[in-house]
Amino acid sequence: MDDIDKALLNDFQRDFPLVARPYAEIGACLSMSEDEVIEAYANLAEQKYISRIGAVIAPNQVGASTLAAMRVPEDRLAEVAEFVTSFSQVNHNYEREHDINLWFVVAADDVLEVGEVLSRIEAETDLEVLNLPIIEDYHLDLGFKLEWA
Amino acid sequence: MIEISIEDRTLIELICDGLPLAARPYQVLGSRIGMAETEVIERLRNLIDGGVIRRFGVVVQHRRLGYTANGMSVWNVPDERVREVGEQMGQFEYVTLCYQRPRHAPSWPYNLFAMVHGAAKDKVLEQVQTIAETLELTHVERDVLFSRRQFKQCGARYGCKGKVDNEPCKTA
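Everything numeric in this text was worked out from a predicted model, so none of it was measured.

The next thing to look at is the domain arrangement of chain A. According to the domain assignment, chain A contains domain 1 (3-46) and domain 2 (64-132). Using only C-alpha atoms to locate each centre, domain 1 of chain A and domain 2 of chain A end up separated by 39 Å.

Listed below in structure tokens is the structure:
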């Protein structure tokens, strides 16, 4: 990865230009042509260094979501995780190193639908689901400063 | 916060898939929903200024860039200090999410969650220790939960239903 790639990754995580030709504006900052910028981003996306250029939406502005957690016996973990994953409203589902070991995010159109998903998971698995919605958000997302060794 | 119109919602859904890599990306987006390029830009600016869109720009893949360890640090902070502590914790550059969430006594005593990214587990633990020392939280009950198996990861974000990365959800 060269210095140009690093700049393209680090310097445009926020305040992406809101002008008709944003890639030309970025090019002007980095002494590159518009086409070169577009090609460089296409390569970074192709190599999966970036997931996209886009918007990070503040939580609970559109729809509702929560973090949920369960203490699942080891011998049932695969089966319960598969059931949780089967819900289209579940978009993250991880095993974490703790006795409360299954952690997932439920996102839906509204709080009622979120609650329904949690209730169905509890009923079906006969395990308690901890509902951990955001009470307050303290992180101002300014992007993530990458460092290269 | 500002009112979100139907047009804004449509635009938000669309922008979740990412900005097209074309010379005039806002025009391309607008053409998909019958909206003029200038209106797309104007609406995005209002959504950003109004705090609905928190950040607009390149979304990097931490894991792919070598930040392979992510630890969910959780803290039992006295209620009267949680806002002050949270606001400071959210400013550490390796903290990517920082929320107050409810406790569930007795099994879950923690009310502050901060996601900490690092190149390795040791590094993450070291960073958590630095946070604790800087914010005078060394006496506060805490834990760090590292992820083990990933069962599902859609890349979905708040306000973006379903997949957004033009690839199917990864399931184990």
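Before going further, it helps to examine the UniProt feature "domain: Siroheme decarboxylase AsnC-like ligand binding" (unreviewed entry) in chain A. Within the UniProt annotation, "domain: Siroheme decarboxylase AsnC-like ligand binding" (unreviewed entry) is assigned to residues 64-138 of chain A. Along residues 64-138 of chain A one finds 32% helix and 36% strand; the C-alpha atoms at either end are 18 Å apart.

Under the feature "domain: Siroheme decarboxylase NirL-like HTH" (unreviewed entry), the UniProt entry names residues 5-50 of chain A. Overall, residues 5-50 of chain A shows 61% helix and 2% strand. The separation of its end C-alpha atoms is 11 Å.

A few words now on helix 4 (residues 77-85) of chain A. Along helix 4 of chain A, the residues that are buried comprise V80, A81 and V84 of chain A. What you see down the axis of helix 4 of chain A is that its buried residues fit within an arc of 100°, all on one side. Considering only its buried residues, helix 4 of chain A is in contact with strand 3 (90-96), strand 4 (102-108) and helix 5 (111-125) of chain A together with strand 5 (142-153) of chain B.

Tallying the contact residues gives 62 residues for chain A and 69 residues for chain B. Sorting the residues of the side of chain A that touches chain B by element identifies helix 2 (22-30), helix 3 (34-46), strand 1 (50-57), strand 2 (64-70), helix 4, strand 3, strand 5 (129-132) and strand 6 (136-137) of chain A as the ones contributing at least two each. Counting residues per element, the side of chain A that touches chain B draws most heavily on strand 1 of chain A, at 8 residues. Among the residues forming the side of chain A that touches chain B, the class breakdown is 34 nonpolar, 15 polar and 13 charged. Strand direction decides the pairing type here: strand 6 of chain A and strand 3 (residues 95-100) of chain B, joined by 2 bridges, are antiparallel. Among the inter-strand pairings, D137 of chain A is bridged to a residue of strand 3 of chain B, identified as Y99 of chain B.

Rules of the game
- Residues numbered from 1 in each chain as written.
- Chains lettered and ligands numbered in written order.
- Predicted model: local features only at pLDDT ≥ 70, side-chain atom pairs only at ≥ 80, totals over all residues.
- Domains from an automatic or database assignment.
- UniProt positions renumbered as here; feature names shortened; annotations may be inferred.
- Helix = DSSP H or I, 4+ residues; strand = E, 2+ residues; numbered from the N terminus.
- Buried ≥ 20, exposed ≤ 12 C-beta atoms within 10 Å, placed from the backbone.
- Arc of directions from axis to C-beta.
- Contact = placed C-beta atoms within 7 Å.
- Nonpolar A, V, L, I, M, F, W, Y, C, P; charged D, E, K, R; others polar.
- Pairing = 2+ DSSP bridges.

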